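Residue-level listing of the chains:
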Amino acid sequence: MRGWFRLTMGLLAVVLGALWTVLGLGYVEGSALSDQRVWALVGPATVLVGLVALWFGMRARRR
């Protein structure tokens, strides 16, 4: 079960970051996060953190 936690957290971070990015850019209306510039910046950063966690999770699984 090596690396599963990192893979799960990485995937969650990528999905959440993508959602925050879409909300921050104003593509989805009806949320408190809609059309807020801060979420358009936090989202891609979260996606990058998630991708790094996925990469480390995949490395742990290969060992």
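Residues numbered from 1 in each chain as written. Predicted model: local features only at pLDDT ≥ 70, side-chain atom pairs only at ≥ 80, totals over all residues. Heavy atoms only, no water.

Take the UniProt feature "transmembrane region" (unreviewed entry) in the protein next. In the numbering adopted here, UniProt assigns the feature "transmembrane region" (unreviewed entry) to residues 40–58. In residues 40–58, helix accounts for 100% and strand for 0%; the two terminal C-alpha atoms are 28 Å from one another. (UniProt positions renumbered as here; feature names shortened; annotations may be inferred. Helix = DSSP H or I, 4+ residues; strand = E, 2+ residues; numbered from the N terminus.)

The residue Ser-34 is located in the loop between helix 1 (4–24) and helix 2 (37–62) in this model. Judged by its relative accessible area of 9%, Ser-34 is buried. Beyond its immediate chain neighbours, meaning those up to four positions away, Ser-34 contacts Leu-23, Val-28 and Glu-29. (Buried < 20%, exposed > 50% of the residue type's maximum accessible area, 1.4 Å probe, protein only. Contact = heavy atoms within 4.5 Å.)

On to the side chain of Thr-46, then. As for its placement among the helices and strands, Thr-46 is situated in helix 2. Taking relative accessible area as the criterion, Thr-46 reaches 17% and is therefore assigned buried. At 2.9 Å, the side chain of Thr-46 forms a polar contact with the backbone oxygen of Val-42. Discounting chain neighbours no more than four positions away, the residues touching Thr-46 are Ala-13, Gly-17 and Trp-20. (Polar contact = N/O pair within 3.5 Å; in protein donor to acceptor, adjacent residues only side chain to side chain.)

Between the first and last C-alpha of helix 1 there are 30 Å, a value that for 21 residues agrees with the 30 Å anticipated at 1.5 Å per step. Every buried residue of helix 1 is listed here: Leu-7, Gly-10, Ala-13, Gly-17, Trp-20, Thr-21, Leu-23 and Gly-24. For helix 1, the secondary structure elements touched by its buried residues are helix 2. (Expected span 1.5 Å × (residues − 1).)

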